[in-house]
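Per-entry structural report
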Amino acid sequence: MSESDAGGFHEMREPAVEKVVVHMGVGEGGRELARAEDILEEITGQESVRTQSKSASQDFGVRRGEPVGAKVTLRGEDAHEFLATALELADIKQSMFDETGNFGFGVEEHTEFPSQEYDPEVGIYGLDVTVNLVRPGYRVKKRDRASRTIPGSHRLTPEDAVAFLEANFDVEVTA
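Residues numbered from 1 in each chain as written. Predicted model: local features only at pLDDT ≥ 70, side-chain atom pairs only at ≥ 80, totals over all residues. Heavy atoms only, no water.

1. Concerning the sheet that holds strand 1 (residues 16–25)
The antiparallel open sheet is built from five strands, whose spatial order is 2-3-1-5-4. For this open sheet the edge positions go to strand 2 (49–52) and strand 4 (103–107), each flanked by a neighbour on one side alone. The sheet shows a mean angle of 25 degrees between the axes of neighbouring strands, direction not considered. With seven bridges joining them, strand 1 and strand 5 (residues 127–134) adopt antiparallel strand pairing. Pairing of Val17 across the sheet is with Leu133, part of strand 5. The sheet contacts of helix 1 (residues 31–44) involve strand 1, strand 2, strand 3 (67–74) and strand 5, and relative to strand 3 the element is tilted by about 10 degrees. (Pairing = 2+ DSSP bridges. Helix = DSSP H or I, 4+ residues; strand = E, 2+ residues; numbered from the N terminus. Axes fitted to C-alpha atoms, helices over the stretch in contact; angles between N-to-C directions. Contact = heavy atoms within 4.5 Å.)

And the structure:
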């Protein structure tokens, strides 16, 4: 039975959203980072986690381990709801997908989200959205006991990811 039969994928080949990571890179701690965390929490409805710099950069005045951003990881229904809203704000291109069907996009202004309004005291922040798509059975690769590699025929391709997005989120992916 091919994937095009019965109007979709076999249930074990049906792609699913594993997680959506929403990230704001501010470049410094303090008040700017606190504002970014507040905005992320308002947009996603979840508590944010601070991200630290992995290396020092004299050009940017950042030391290793210094807080430079915030992120939120969404799973399940929260991920679907956020994705439905965020995808309306972005133009998704074929080049945004990696070889395993994951993709990322940016939203230039947080004020584009329906729940946000411009506040001159806060300013405008951009955010990055990374989406991880998987097929059922992918946990076999990640589990501790008896882990195995996923066969090439079961791995998610960029074409499958595009078809999943267009069918489930009413998004048109351009070339």
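2. Let's talk about the nonpolar core
Val20, Ile92 and Phe105 are the most contacted members of the largest nonpolar core, which has 37 residues in total. Counting residues per element, the ones that place at least two in this core are strand 1, helix 1, strand 3, helix 2 (76–87), strand 4, strand 5 and helix 4 (158–168). (Core = buried A, V, L, I, M, F, W, Y, C linked by side-chain atoms within 4.5 Å. Buried < 20%, exposed > 50% of the residue type's maximum accessible area, 1.4 Å probe, protein only.)

3. Some points on unusual backbone geometry
Phi is positive for Ala146, which is not a glycine, with a value near 50 degrees. One can find Ala146 in the loop between helix 3 (139–142) and helix 4. Within the chain, Asp170 stands out as a residue other than glycine whose phi angle is a positive 50 degrees. Along the polypeptide, Asp170 turns up in the segment after helix 4. By relative accessible area, which is 73% here, Asp170 ends up exposed.

4. Remarks on the pattern of salt bridges
For the structure on display, the rule yields three salt bridges. Arg35 is paired through a salt bridge with Glu32; the nearest N and O atoms lie 3.6 Å apart. Of this pair, Arg35 and Glu32 both sit in helix 1, separated by three residues, roughly a single helical turn. As a salt-bridge pair, Asp160 and Arg135 come within 2.6 Å of each other at their nearest N and O atoms. With Asp160 in helix 4 and Arg135 in the loop between strand 5 and helix 3, the pair connects residues that are 25 residues apart, well separated along the chain. Taken as a pair, Asp160 and Arg135 share a single burial class, namely buried. (Salt bridge = Lys/Arg side-chain N within 4 Å of Asp/Glu carboxyl O.)

5. Side note on the packing of aromatic side chains
According to the stated counting rule, one finds three aromatic pairs in the structure shown. Between the aromatic rings of Phe97 and Phe103, the centroid separation amounts to 4.9 Å while the plane-to-plane angle is 35 degrees, which identifies the pairing as tilted. For Phe103, a relative accessible area of 2% translates into the label buried. For the pair Phe103 and Phe105, a centre-to-centre distance of 6.2 Å together with 15 degrees between the ring planes defines the contact as stacked. In this pair, the class of Phe103 matches that of Phe105, namely buried. (Phe/Tyr/Trp six-rings, centres within 6.5 Å; stacked < 30°, edge-to-face > 60°.)

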